[in-house]
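Listed below, chain by chain, are the residues.
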Amino acid sequence: MPTILGQNQYGKAENRVVKITRDGATHHIKDLNVSVSLSGDMDEVHYSGSNANVLPTDTTKNTVYAFAKEHGIESAEQFGIHLARHFVTSQEPIRTARIRVEEYSWERIGTPGEDQHSFVRQGQETRLTQITYDGSSWEVISGLKDLTVMNSTNSEFWGYVKDKYTTLPEAYDRILATEVSSRWRFNWNDDAQEAPDWEESYAQVKKHMLAAFADTYSLSLQQTLYAMGSRIIENRGEIDEVRFSLPNKHHFLVDLEPFGLKNDNEVYFAADRPYGLIEATVLRDGVEPRIPVDLTNL
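## Notes on the pairing of strand S1 (residues 15-23)
With nine bridges connecting them, S1 and strand S2 (residues 26-40) associate as antiparallel partners. Residue pairing across strands places Val17 opposite Leu32, the latter belonging to S2. In this structure, the hairpin formed by S1 and S2 is closed by a connection of two residues, where Gly24 is found at a positive phi of approximately 65°.

This is how it looks when you write it as structure tokens:
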């Protein structure tokens, strides 16, 4: 045979599931986008077209919805763990299951009286998690994307390399803004270990991330990134690795002199492109990195 089959996987992507939990007149929402990917003994379906080992992707979709009812959705991570364990343990040909989940947050709209069933979609960020299970060990990588943050001062950028193509003036008081995309890897990997409180962990990671961004007097976005990652690892023992992708949302002072006006760090042009892109991983000492460098593949 002149060719052989390499890595392969299949599943049903982007299953949108909304679970309403009714606690009397008070309702709770979990809004997820779930992608299932399965791999294992799938050579024959590629070579001959035999579907003998293939669980239909439509079945994986149905499982997502059935599990939302049977198990509920305590957290994106726990829901993904339920699904991954099911696919690996119920189907002999399937050796590894990878579950990716995006979670969209809703904020309760205050209403008079006892009814609490009105919500507005929060636009701050999208919560993410990826669960991988091979029948014996787990890998849980969670994160977020599209979290836009800004410091209107306490940021500088100067002392950099200059050559004949450099035109950027040094800045001693600038706006620092970015749209945070981050992933963090848990050191929980075995059923014998006590699992983290996934909801509390996410809230605390975000809290420390934002606090470090706000508290760091920044001489570079790289310095701020490292401060954010370090603060998470120093305060959250369940996390060993954090990776960030931070586009620099440039704000340039507008030249108002042609109009006889002085711009005292007040009026800026917000440029959407091109943008600087700062990326790095922060690790607990002694830990090997496992989060992919390119977060678009996670």
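## Topic: the nonpolar core
Core analysis: the biggest nonpolar cluster contains 52 residues, and Val34, Phe79, Ile99, Val180, Trp184, Met209 and Phe244 have the highest contact counts within it. For this core, the leading source of residues is helix H3 (residues 76-90), giving seven residues. Discounting chain neighbours no more than four positions away, the residues touching Phe79 are Leu32, Val34, Val64, Phe67, Ala68, Gly72 and Ile73.

## Let's talk about the packing of aromatic side chains
Scanning the model with the defined rule gives seven aromatic pairs in all. Taken together, the ring pairs connect Tyr133, Trp138, Phe186, Trp188 and Trp198 into an aromatic cluster. In this structure, Arg127 is placed above the aromatic ring of Tyr202, and the distance from its NZ or CZ to the ring centre is 4.4 Å. One cation-aromatic arrangement involves Lys162 over Tyr160; the distance from NZ or CZ to the ring centre is 4.6 Å.

## Details of helix H4 (residues 198-215)
The end-to-end C-alpha separation of H4 is 26 Å, in line with the 26 Å expected for 18 residues at 1.5 Å each. Where H4 is concerned, the buried positions are Trp198, Ser201, Tyr202, Gln204, Val205, Lys206, His208, Met209, Ala211, Ala212 and Phe213. Buried residues along H4 sit against H3, strand S6 (126-133), strand S7 (138-151), strand S8 (176-186), helix H5 (221-235) and strand S9 (239-247).

## What to know about the packing of H4 against H5
Relative to each other, H4 and H5 sit at 140°, their axes nearing to 8 Å. The orientation of H4 relative to H5 falls into the category oblique. Handedness of the H4/H5 crossing: right-handed. When H4 is examined against H5, the residues Val205, His208, Met209, Ala211, Ala212, Phe213 and Asp215 are found in contact with a partner set consisting of Thr224, Ala227, Met228, Arg231, Ile232 and Asn235. In the contact of H4 with H5, the residues fall into eight nonpolar, three polar and two charged.

## Section: the pairing of S2
The buried fraction of S2 is high, at 11 of 15 residues. Summarising the sheet, S2 and strand S3 (residues 94-104) pair through 10 bridges and their orientation is antiparallel. Among the inter-strand pairings, Ser39 is bridged to a residue of S3, identified as Thr96.

## Focus: the environment of Lys249
Among the structural elements, Lys249 can be located in the loop between S9 and strand S10 (251-253). Remark: the alpha-carbon pair of Lys249 and Pro274, spanning 25 residues in sequence, is separated by 9.2 Å.

## Concerning the sheet that holds S7
Pairing within the open sheet is antiparallel, and its eight strands lie in the order S1-S2-S3-S6-S7-S8-S9-S12. With one partner strand each, in any of the chains shown, S1 and strand S12 (277-283) form the two edges of the open sheet. With direction set aside, neighbouring strand axes in the sheet form an average angle of 20°. Bridge count between S8 and S9: six bridges; the pairing is antiparallel. Across the sheet, residue Ser181 finds its bridge partner in S9, namely Ser245. Where H4 meets the sheet, it contacts S2, S6, S7, S8 and S9, and its direction lies at approximately 35° from that of S7. The sheet strands contacting H5 are S8, S9 and S12, and the helix crosses S9 at an angle near 155°.

## Considering the packing of helix H2 (residues 57-70) against H3
H3 packs onto H2 with a crossing angle of 130° between their chain directions and a minimal axis gap of 11 Å. Relative to H3, H2 is oriented oblique. Between H2 and H3 lies a crossing whose hand is right-handed. Packed against H2, whose contacting residues are Thr60, Thr63, Val64, Phe67 and Ala68, the element H3 presents Phe79, His82, Leu83, His86 and Phe87 at the interface. Partitioning the contact of H2 with H3 into residue classes produces six nonpolar, four polar and no charged.

## Section: H5
Its 15 residues give H5 an end-to-end C-alpha distance of 21 Å, which sits within 8% of 21 Å, the value for a rise of 1.5 Å per residue. When we look at burial in H5, the residues that qualify are Leu221, Thr224, Leu225, Met228, Gly229, Ser230, Ile232 and Ile233. Buried residues along H5 sit in contact with S8, H4, S9 and S12.

Each value, and the rule that gives it
- Residues numbered from 1 in each chain as written.
- Predicted model: local features only at pLDDT ≥ 70, side-chain atom pairs only at ≥ 80, totals over all residues.
- Heavy atoms only, no water.
- Pairing = 2+ DSSP bridges.
- Helix = DSSP H or I, 4+ residues; strand = E, 2+ residues; numbered from the N terminus.
- Core = buried A, V, L, I, M, F, W, Y, C linked by side-chain atoms within 4.5 Å.
- Buried < 20%, exposed > 50% of the residue type's maximum accessible area, 1.4 Å probe, protein only.
- Contact = heavy atoms within 4.5 Å.
- Phe/Tyr/Trp six-rings, centres within 6.5 Å; stacked < 30°, edge-to-face > 60°.
- Lys NZ or Arg CZ within 6 Å of the ring centre and 35° of its normal.
- Expected span 1.5 Å × (residues − 1).
- Axes fitted to C-alpha atoms, helices over the stretch in contact; angles between N-to-C directions.
- Parallel < 35°, antiparallel > 145°, perpendicular 65-115°, else oblique.
- Left-handed = near helix turned anticlockwise from the far one by under 90°.
- Nonpolar A, V, L, I, M, F, W, Y, C, P; charged D, E, K, R; others polar.

Read these as spatial facts, not as claims about activity.
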